[in-house]
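# Close look at the chain arrangement
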Amino acid sequence: MTTSTQTPAAPTTAVRRRRRGSAGRFQGGNPVVYAVAFVVVCATLGPVVYGVLGGFRSNAQLAESPASLPDPWVVSNYTGVVTNPDFWQYTLNSVVVAVVTTALVVVFGVMAAYPLARYAFKGREVLFMVFVAGLLFPATVAVVPLFILLTQNFGLGNTWWGVALPQAAFALPMTVVILRPFLQALPKELEEAAQLDGTSRIGFFWRILLPLSGPGMVTVGVLAFVGSWNAYLLPLLLLQGDMKTLPLGVADFSSEHSSDTAGVFAFTTLAMIPALVFFLAMQKRIVNGLQGAVKG
């Protein structure tokens, strides 16, 4: 008994050319896209690089040739900032406010997104739209009522909690919008299997859902931390003296040392390093969390 095997026909010359052409376009990319990306990167990183290098120059160098490289390199600007006790006090205030804000956003955000994602009840979509509508109202539009409420009614003026609480409240809408589709994407079979094993809904939330939603929680946590670190208007109205955060410290230092341009560059550079390093360290986790939200 003989068996015949059929070999697939070789692709024609036209097919091979199309394949090579499509592969070349895919691998090489569009040069216009690369050119636009290069311009965007230069426009974004250019001021940062200029500020970092400006901190290594003297005021005379900046006045003589603003666009040249440091020659010689001056380290005294950065050492002067590092040895300034006000800088470390501002850093401590920013860290505490950012950590408290991030903790509130993550805890209350996942607790709000969980029933909106996993429970079916009347008015669920309407309630979710309330959070979506919250994206249209930044803290700037309510800063005056917040100032009166926090200082006169609650006595939280010039305190860390007075800044962290409203920042967390205004970050909750974005947190819920990101976490809800992420939690919806988790398989329903997991919850059903947990219920068959005798796990309550709260037990499922703590033991299964929270560990699986780690990428989404890291994403909203990083966004809340960076947003709190860069906040300026609300701390400007509520904080004074030694309670000021780093953005306010940069503004005060710039005003007090307006003639020391190199020192201002050094102070600004050191002020943005913690948030920049934290964001870059969590960059991959942010992408994974946003991908999970999009897939949901």
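Rules behind the numbers
- Residues numbered from 1 in each chain as written.
- Predicted model: local features only at pLDDT ≥ 70, side-chain atom pairs only at ≥ 80, totals over all residues.
- Heavy atoms only, no water.
- Helix = DSSP H or I, 4+ residues; strand = E, 2+ residues; numbered from the N terminus.
- Buried < 20%, exposed > 50% of the residue type's maximum accessible area, 1.4 Å probe, protein only.
- Areas by Shrake-Rupley, 256 points an atom, 1.4 Å probe, with all protein chains shown as cover.
- Axes fitted to C-alpha atoms, helices over the stretch in contact; angles between N-to-C directions.
- Parallel < 35°, antiparallel > 145°, perpendicular 65-115°, else oblique.
- Left-handed = near helix turned anticlockwise from the far one by under 90°.
- Contact = heavy atoms within 4.5 Å.
- Nonpolar A, V, L, I, M, F, W, Y, C, P; charged D, E, K, R; others polar.
- Salt bridge = Lys/Arg side-chain N within 4 Å of Asp/Glu carboxyl O.
- Patch = residues over 30% accessible without salt bridge, like charges linked within 9 Å, V, L, I, M, F, W, Y side chains within 5 Å.
- Phe/Tyr/Trp six-rings, centres within 6.5 Å; stacked < 30°, edge-to-face > 60°.
- Polar contact = N/O pair within 3.5 Å; in protein donor to acceptor, adjacent residues only side chain to side chain.
- Arc of directions from axis to C-beta.

### Brief notes about the overall build of the protein chain
Secondary structure summary: the protein chain contains 15 helices and zero strands in total. The 296 residues of the protein chain split such that 34% are buried. When the accessible surface of the protein chain is split by element, carbon and sulfur atoms take 68% of a total near 17800 Å².

### Considering the packing of helix 8 (residues 160-184) against helix 11 (residues 214-230)
Running from amino to carboxyl end, helix 8 crosses helix 11 at an angle of 155 degrees, the nearest separation of the two axes being 10 Å. Comparing the axis directions of helix 8 and helix 11 gives the class roughly antiparallel. Considering how the two elements wind past one another, helix 8 and helix 11 form a crossing that is right-handed. On the side of helix 8, the interface is formed by Gln167, Thr175, Ile178, Leu179 and Phe182, while helix 11 contributes Pro215, Gly216, Met217, Val220, Leu223 and Ser228. For the contact of helix 8 with helix 11, the per-class residue count stands at seven nonpolar, four polar and no charged.

### Some thoughts on the packing of helix 5 (residues 85-118) against helix 11
One can describe the packing of helix 5 onto helix 11 by two numbers: an axis separation of 8 Å at closest approach and a directional angle of 145 degrees. The crossing of helix 5 and helix 11 is right-handed. Contacts between helix 5 and helix 11 involve Thr91, Ser94, Val95, Val97, Ala98, Val99, Thr101, Thr102, Val105, Val106 and Val110 from the former and Met217, Val220, Gly221, Ala224, Phe225, Ser228 and Trp229 from the latter. Counted by class, the contact of helix 5 with helix 11 contains twelve nonpolar, six polar and no charged residues.

### Some details on the pattern of salt bridges
Considering all chains together, one arrives at three salt bridges under this definition. For Glu125, the salt bridge is made with Arg124, and the minimal N-O distance between the two is 3.4 Å. Asp252 is the salt-bridge partner of Lys244, the closest N and O atoms lying 2.6 Å from each other. If you follow the salt bridges from partner to partner, you end up with Arg124, Glu125 and Arg180 in one network.

### Considerations on a nonpolar patch on the surface
A cluster of nonpolar side chains, namely Val144, Phe147, Ile148, Tyr232, Leu233, Leu236 and Leu237, defines an oily patch on the protein surface of about 570 Å² accessible area. Those elements giving two or more residues to the nonpolar patch turn out to be helix 7 (143-153) and helix 12 (233-238). Structurally, the position occupied by Leu237 is in helix 12. Overall, Leu237 belongs to the partly exposed group, its relative accessible area being 34%.

### Considerations on the packing of aromatic side chains
The tally for this structure, following the rule as stated, stands at eleven aromatic pairs. Aromatic rings pair up to connect Phe87, Trp88, Phe253 and Phe267 into one cluster.

### Here we look at the environment of Glu125
Along the chain, the position of Glu125 falls in helix 6 (residues 124-133). A polar side-chain atom of Glu125 sits 2.7 Å from a polar atom in the side chain of Arg180.

### Observations regarding helix 7
Restricting attention to buried positions, one finds in helix 7 the residues Val143, Leu146 and Leu150. Take helix 7 and look down its axis: the buried residues cluster within an arc of 60 degrees, on one side only. In helix 7, those exposed residues whose orientation departs by more than 90 degrees from the buried face are Val144, Pro145, Gln152 and Asn153. Residues of helix 7 that are buried make contact with helix 8 and helix 12. Where helix 7 ends, the next residue or the one after it, Gly155, has phi of about 65 degrees, a positive value.

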